[in-house]
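Observations on chain architecture
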Amino acid sequence: MPYIKQLKIGDFICPSNLVLAPMAGITDTPFRILCLKGGAGLVCAEMVSASALKFDSPKSIKMLQVDKAEHPLSMQVFGGDAQTIAEACKRAEAQGADIIDINAGCPVKKVNKAGAGCVLMKTPEKIAEILKAAVKSVKIPVTLKTRVSLNRTENLAPLLTKIAQDSGAAAITLHARAAADVHSGPPNLAFLESACRVAQIPVIANGGVINAQDAKNMFETGAQAVMIGRGAIGNPFIFTEISSILSSRPFGKIANAEKALMFLTLIEENVKFYGERTGISRSKKTVGYWLNGFTNAAAVREQFVRCETLAQAREILSVVTKEN
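Let us look at the structure shown here. (Residues numbered from 1 in each chain as written. Predicted model: local features only at pLDDT ≥ 70, side-chain atom pairs only at ≥ 80, totals over all residues. Heavy atoms only, no water.)

1. Examining the overall build of the protein
Just so we agree on the cut-off: Each helix is a run of H or I in the DSSP string that is no shorter than four residues. Each strand is a run of E no shorter than two, and both are numbered from the N terminus. Any two residues whose heavy atoms approach within 4.5 Å at even a single point are treated as in contact. Charged residues are defined here as Lys and Arg on the positive side and Asp and Glu on the negative side; His and the ends of the chain fall outside this count. Note that the charge is assigned to NZ on lysines, CZ on arginines, CG on aspartates and CD on glutamates.
Counting its regular elements, the protein contains 15 helices and 11 strands. The principal-axis extent of the C-alpha atoms belonging to the protein is close to 55 × 45 × 35 Å. A sequence separation of at least 24 residues applies to 67% of the contacts in the protein between residues at least 6 apart. Taking the 38 positively charged and 28 negatively charged side chains of the protein as two groups, their mean positions are separated by 2 Å.

Here it is as structure tokens:
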């Protein structure tokens, strides 16, 4: 059986089962488009607060914008109130999302204090209520993203999977680490496999995938798709790389000079999307990923985090494109 194939979520078919994870402050429109060019079969937007949308937050409304070049797209919303979530889903659908994802796995304290994210795992019946309201509110597929457990000992994955499918979710993404572990430590493949055994909807496996072997390990639990997060930062062609390796096709390593040019293109798109000041500021968050392995990476990174204009960014990166 081939690992890489189409992914069917409800009535929607994604061209590949390698998915870009939603990452706050990272997976905006420019980065999503870049990852689609890099072979992602589905890209997920950074999570949007349903409560903020309720009060028409300009920042949150902008996060719902969908470019015609970024499909297939899943828009993720979070919150602790079913009706507020339902209204947010309607807005995301109206903006052009292909899929709506409900977050019940984020371990960030600010999110948890609002009764959202992984705190919902403590009350699975609340997750069911939210999912049912979301599914009822839109015509496009609704999915759930959560974690296999709150701690390393109690396996919640099968229960949450059953709740998701019984509540009308078209797929479930399981981050295979405990919420308490945030993003550290190895994924719990045994917990993930236990969910796959009971699943009647696609299970999308997530957590620590940075290469083809990691993805293969996830697929071998029975997961129908693999979601890649931080492994795609600075390497948006990781999707093509993994697909090629798992399909026994050749894949040439991307040269550092080419990576630098990709990063510059992303910076330029950020500036177009946000304006120069914000576009440059957002680019500084990921410069370390992009320059990893470069000659004099630390010195170049230090220069970059002090730059304020697109012209300065171009000048700094022009040096590494020549030296690497």
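Picking up after the structure, the text goes on.
2. Concerning the pattern of salt bridges
The condition that has to hold: Definition used for salt bridges: Asp or Glu carboxyl oxygen within 4 Å of a side-chain nitrogen of Lys or Arg. Residue burial is assigned from relative accessible area. The probe radius is 1.4 Å, only protein chains are included, and a residue is buried under 20% of its type maximum, exposed over 50%, and partly exposed in between.
Per the counting criterion, the structure on display carries 10 salt bridges. The closest approach of N and O atoms between D56 and R91, which form a salt bridge, is 3.0 Å. One end of the pair, D56, is in the loop between α2 (50–54) and α3 (58–63); the other, R91, is in helix α4 (residues 82–95), and 35 residues separate them in sequence. On the accessibility criterion, R91 (30% relative accessible area) is partly exposed. One salt-bridge network, held together by shared partners, links D28, E46 and R282.

3. Digging into helix α12 (residues 276–284)
Our working rule: For this quantity, the arc is that covered by the directions from the helix axis to the C-beta atoms.
Within the sequence span of α12, burial applies to G279, I280, R282 and S283. Looking straight down α12, one finds its buried side chains confined to an arc of 160°; they lie on one side.

4. Brief notes about the packing of helix α6 (residues 124–137) against helix α7 (residues 157–166)
Under the convention used in this document: Helix axes are fitted to C-alpha atoms over the stretch in contact, other axes to C-alpha atoms as well, and angles between N-to-C directions run from 0 to 180 degrees. Here the word oblique covers every angle except those under 35 degrees (roughly parallel), over 145 (roughly antiparallel) and from 65 to 115 (roughly perpendicular). For any helix crossing, the convention is left-handed if the near helix is rotated counterclockwise from the far helix by under a right angle, and right-handed if that rotation is clockwise.
Contact pair α6 / α7: the axes reach a minimum separation of 9 Å and the direction vectors enclose 25°. What the angle tells us is that α6 and α7 run roughly parallel. Seen from above, α6 lies across α7 with right-handed handedness. In this structure, α6 contributes P124, I127, A128 and L131 to the contact, and α7 contributes L159, L160, I163 and A164.

5. What about the nonpolar core?
Taken as a class, soluble globular proteins show a tendency for nonpolar side chains to be buried jointly. Our working rule: Buried Ala, Val, Leu, Ile, Met, Phe, Trp, Tyr and Cys residues that are joined via side-chain atoms within 4.5 Å together make up what is termed a nonpolar core.
Counting residues in hydrophobic clusters, the biggest one holds 96 residues, and the most contacted among them are I100, I102, F239 and I242. Among the elements that take part in this core, helix α11 (residues 256–274) stands out by supplying 7 residues, more than any other. The contact partners of I102, leaving out residues within four places of it in the chain, are V77, I85, C89, I130, L131, A134, V142, T143, L144 and K145. Counting 13 residues, the second-largest nonpolar core is a separate cluster that includes C14, L42, A225 and M227.

6. Notes on the packing of aromatic side chains
Aromatic ring pairs: the centre-centre distance and the angle between the two ring planes describe each pair. Here is the rule: Side-chain rings of Phe, Tyr and Trp, where Trp is taken by its six-membered ring, are said to pair if the distance between their centres is within 6.5 Å; with planes under 30 degrees apart they count as stacked, over 60 as edge-to-face, and otherwise as tilted.
Per the counting criterion, the structure on display carries 4 aromatic pairs. Note on F263 and F304: the rings are 5.4 Å apart at their centroids and 45° apart in plane angle, and the pair reads as tilted. On the criterion of sequence distance, the pair formed by F263 in helix α11 and F304 in helix α14 (residues 297–304) is long-range, its members being 41 residues apart. Assigned by exposure class, F263 and F304 land together as buried. Ring geometry for F273 versus Y274: centroids 4.8 Å apart, planes at 85°, classification edge-to-face. Exposure remark for F273: the relative accessible area of 23% places this residue in the partly exposed category.

7. Details of the environment of D166
Along the polypeptide, D166 turns up in helix α7. Exposure remark for D166: the relative accessible area of 62% places this residue in the exposed category. For the pair D166 and V287, spaced 121 residues apart in the sequence, the C-alpha separation amounts to 42 Å.

8. Quick look at the environment of L192
Relative to the elements of secondary structure, L192 occurs in helix α8 (residues 189–198). The spacing of L192 and L291 is 99 residues in sequence and 33 Å in space, taken between C-alpha atoms. Here L192 is in contact with V148, L174, A176, V203, A205, M218 and T221, once residues within four sequence places are set aside.

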